[in-house]
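# Observations on the model geometry
Now for the letters of each chain:
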Amino acid sequence: MAELILHHYPESPFSEKVRAIFGAKRLAWRSLQVSMVMPRPATIALTGGYRRIPVLQVGADIYCDTALIAEYLDDLGTGPTLYPGGQMLAAQTLARWVDTELFWAAVTLRFLPENMGAFFTDPATAQAFAEDRANFAAGAQVRRPAADEARARYARFLAEMETQLGDGRPYLFGADWSVADFSVYHMLWFIHAGGGMADQLAARSHVSAWMERMGAFGEHAGEAITADDALAIAHAAEPLPVEQASDLPGLAPGTEVNVAPVDYGVMPSHGTLLRCDTNSIVIRREHALTGAVNVHFPRHGFGVTRY
Ligand SMILES: N[C@@H](CCC(=O)N[C@@H](CS)C(=O)NCC(=O)O)C(=O)O
């Protein structure tokens, strides 16, 4: 198998989710550090437009969105599955809620002046970030809660989590981790990275111990790789074969399509539809910098339209 190359940046919470899965599953990975703001020419050449971070590159196959990346990684490495049979529905549903509803509360909380810590090194970086994220937000269909609502949502969640872990279980649903542990972990990691809300964790011993256990997974570093080397790897590789099929009325395999998130960061990727089923969407792209690549998206949370 080709190397696992994560396109990410240190401050990105969704990237921390994948970094922690690498650690938990003891997977060696290559770290392609991208800028916190656009442009990201190599990553965009590979995805064809999708700009959310992180993105996982494996040879000439590109996996977008951590929900799909987690599924891809689950079959690799060591340790229990992220999708334990008896808890599949609960784990996936909690992960999706955390990655959307709790995420927007987390964004509000992380950028409260008293919780920002050293997120921005200087005013120019802060200004560039604000301008970039205003572009990113164009066309978004999400609601970011105000501070009081975000605080209450988070406090209630932490209280429920403390109760759930109160019987001494090491992970949210019992003896083994699930994908929900990694979603909750990266969200708490993000909220608490600034240090201004440390008392909320300190007051909850079970959550704190769990957080320490999960945080250890995130310390499994990847070996740095340059953007040029990642592009050369894509160029030299062939995308994995895909059985062509589509469940989209009027959009057969071979149709030129746009694929985009339905909620935010809605910049589409353009390519030729190879497959669309209830699990994922795959398009084929060609680019001078990358050669032929297949770009994979989860079906949940993404839309396909004729180009
Ligand atoms: N549902 C996506 C969410 C990804 C996401 O929102 N990523 C943030 C960074 S953590 C992002 O792309 N922000 C804008 C940017 O970095 O350009 C996933 O699971 O990958």
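Please read these numbers as outputs of a predicted model, since none were measured by experiment.

In the neighbourhood of the ligand, 13 residues make up the surrounding shell, with Tyr9, Arg51, Ile53, Thr66 and Tyr264 lying closest. Within the side chain of Tyr9, one N or O atom sits 2.7 Å away from an oxygen atom of the ligand. In the model, an oxygen atom of the ligand is placed 2.9 Å from a nitrogen or oxygen of the Arg40 side chain. Listed by contribution, the elements that provide at least two residues to the shell around the ligand are helix H1 (13-24) and helix H5 (123-136).

This part is about the pairing of strand S4 (residues 61-64). Taking every second residue as pointing to the same face, both faces of S4 are buried, with Asp61 and Tyr63 on one and Ile62 and Cys64 on the other. Where strand S3 (residues 55-58) lies against S4, four bridges are found, and the strand directions are antiparallel. Bridging across to S4, Val55 finds its partner in Cys64. Between S3 and the antiparallel strand that follows it, S4, lie two residues; Gly59 among them carries a positive phi value of about 65°. Sheet topology places S4 next to strand S10 (residues 291-298); three bridges connect them, and they run parallel. Its bridge partner lying in S10, Tyr63 is registered against His296.

A separate point is the side chain of Arg40. You can see Arg40 is positioned in the loop between strand S2 (30-33) and helix H2 (41-47). Discounting residues that sit within four places of it in the chain, Arg40 has contacts with Tyr9, Val34, Ser35, Arg51, Ile53 and Arg133.

Turning to the domain arrangement of the protein, a few remarks are in order. Where interface size is given, it is often the accessible area lost as the parts come together that is meant. By the assigned domains, the protein splits into domain 1 (4-78 + 222-306) and domain 2 (97-214). Using C-alpha coordinates to define each centre, domain 1 is positioned 25 Å away from domain 2. On the domain 2 side, the residues contacting the 27 residues of domain 1 number 26 residues. Carbon and sulfur atoms supply 71% of the area that domain 1 and domain 2 bury against each other, a total of about 2,100 Å² over both sides. Contact with domain 2 buries surface across domain 1, with Pro13, Lys17 and Tyr264 losing the most and accounting together for 25% of the total.

Conventions and cut-offs
- Residues numbered from 1 in each chain as written.
- Predicted model: local features only at pLDDT ≥ 70, side-chain atom pairs only at ≥ 80, totals over all residues.
- Heavy atoms only, no water.
- Near = heavy atom within 4 Å.
- Polar contact = N/O pair within 3.5 Å; in protein donor to acceptor, adjacent residues only side chain to side chain.
- Helix = DSSP H or I, 4+ residues; strand = E, 2+ residues; numbered from the N terminus.
- Buried < 20%, exposed > 50% of the residue type's maximum accessible area, 1.4 Å probe, protein only.
- Pairing = 2+ DSSP bridges.
- Contact = heavy atoms within 4.5 Å.
- Domains from an automatic or database assignment.
- Buried area = accessible area lost by both parts, 1.4 Å probe.

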